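In case you want the letters, here they are:
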Amino acid sequence: MSSKDTVQKTLVVAFLLCVVCSILVSGAAVILKPTQDANRILDRNKNILSAAGLYDPAVTPDSEVTELFSRFTTRLVDINEGRFLEADEVAALGINIDNYDQRKVITDPSLSEALSKEDDLADVKRRALYQMVYLVEDQNGELETIVLPVSGYGLWGILYGFMALEGDANTVKGLSFYELKETPGLGAEVRNPRWRALWPGKKVFAEDGEVGLTVVKGAGAGEHEVDGLSGATLTSRGVANLVRYWLGDTAFGPLLKKLGNS
Ligand SMILES: Cc1cc2nc3c(=O)[nH]c(=O)nc-3n(C[C@H](O)[C@H](O)[C@H](O)COP(=O)(O)O)c2cc1C
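Residues numbered from 1 in each chain as written. Predicted model: local features only at pLDDT ≥ 70, side-chain atom pairs only at ≥ 80, totals over all residues.

1. Regarding the overall build of the protein
Then, number 1: Within the protein one finds six helices and 10 strands.
Then, number 2: Taking the principal axes of its C-alpha atoms as reference, the protein extends roughly 90 × 50 × 45 Å.
Then, number 3: Out of the 262 residues in the protein, the part that is buried amounts to 29%.
Then, number 4: A separation threshold of at least 6 residues defines the contact pool for the protein, and within that pool the share at least 24 residues apart is 53%. (Helix = DSSP H or I, 4+ residues; strand = E, 2+ residues; numbered from the N terminus. Buried ≥ 20, exposed ≤ 12 C-beta atoms within 10 Å, placed from the backbone. Contact = placed C-beta atoms within 7 Å.)

Dropping the structure here:
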């Protein structure tokens with residue numbers, strides 16, 4: 001070791017290197033955050049459009065997503081009261097709908113609630129009190145499409161997605177999942193366009209008012225049943241459970257029935 005290479009100097013150089021690197025890394029994180037946020041929103045919007053059958057990654061360029069999504073109005077639903085909140089109520093809750101994240105508020109006891117074991121059909125443990133839904137209305141103000149957030153446990157974790165219904169709030173337009181931990185080729189086949197194509201046209205409510213829409217093992221029959229995924233019975237059951245929960249009486253069911261009658 002030459003006289004210049006003291007341990008002290010080595011430590012100082014190492015320390016300075018760490019400082020420079022941490023400044024570079026945190027600087028990059030700060031600079032990239034707006035782009036990441038914009039990409040997250042773009043991705044969410046694509047999934048909402050996809051559920052509504054308006055987006056196909058093979059043919060829809062990103063540049064059209066904003067235009068297509070501009071037809072949607074975002075509303076907050078009070079899940080326990082089964083109604084849309086007015087803008088002043090949203091403001092009074094201190095919620096800014098542009099950056100509200102109903103998955104993040106799950107840890108906030110003032111904006112979310114625990115579900116009892118009996119109610120928790122989808123096995124999600126907690127839910128946001130105010131749920132973001134997306135509406136398309138025609139020129140006469142008639143509801144054309146409603147897209148609802150859905151989530152529920154499959155085999156390996158919670159699947160997150162959107163269910164789109166027609167203006168009658170009873171006929172399925174589509175179902176898309178944007179996040180899941182299921183196995184590629186097995187449970188993750190819920191994203192396969194061929195399986196997704198089985199959903200449009202199915203009806204949510206049975207004659208007795210209960211959710212009839214379900215996924216069955218094997219081939220589905222009639223207007224409520226969708227074929228189960230072969231080799232992925234557990235994920236299929238998870239999807240059936242989340243559909244029954246989110247469209248049912250203790251979640252969006254009362255709102256859907258009101259919309260269907262109006
Ligand atoms: C490595 C591995 C991964 C699996 N992943 C899934 C899955 O994502 N979803 C699922 O339902 N079943 C999955 N299974 C299969 C289940 O354990 C179970 O066998 C299957 O759901 C039964 O479906 P079937 O009655 O249609 O055969 C996996 C099995 C193995 C060994």
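Additional details are given in the paragraphs that follow.
2. Some remarks on the environment of aspartate 168
Then, number 1: Looking at where aspartate 168 falls in the secondary structure, it is placed in the loop between strand S7 (158-166) and strand S8 (172-179).
Then, number 2: Taking C-alpha positions, aspartate 168 is 9.9 Å from glutamate 142, a pair spaced 26 residues apart along the chain.

3. Structural notes on the site of the ligand
Then, number 1: Around the ligand, a shell composed of Leu155, Trp156, Glu182, Thr183, Leu186, Gly187, Ser230, Gly231, Ala232, Thr233, Leu234 and Thr235 is seen.
Then, number 2: In the shell around the ligand, the residues fall into five nonpolar, six polar and one charged. (Near = placed C-beta within 6 Å. Nonpolar A, V, L, I, M, F, W, Y, C, P; charged D, E, K, R; others polar.)

4. As for the sheet that holds strand S1 (residues 73-78)
Then, number 1: Here we have six strands laid out as an open sheet, ordered S2-S1-S5-S6-S7-S8, and antiparallel in their pairing. The sheet is open, and its two edges are formed by strand S2 (83-84) and S8, each paired on a single side.
Then, number 2: This element, helix H1 (residues 7-51), spans strand S5 (130-137), strand S6 (143-153), S7 and S8 of the sheet and lies at about 150° to S8.
Then, number 3: Strands in contact with helix H5 (residues 233-246) are S6 and S7; relative to S6, the strand with the most contacts, it is inclined by about 125°. (Pairing = 2+ DSSP bridges. Axes fitted to C-alpha atoms, helices over the stretch in contact; angles between N-to-C directions.)

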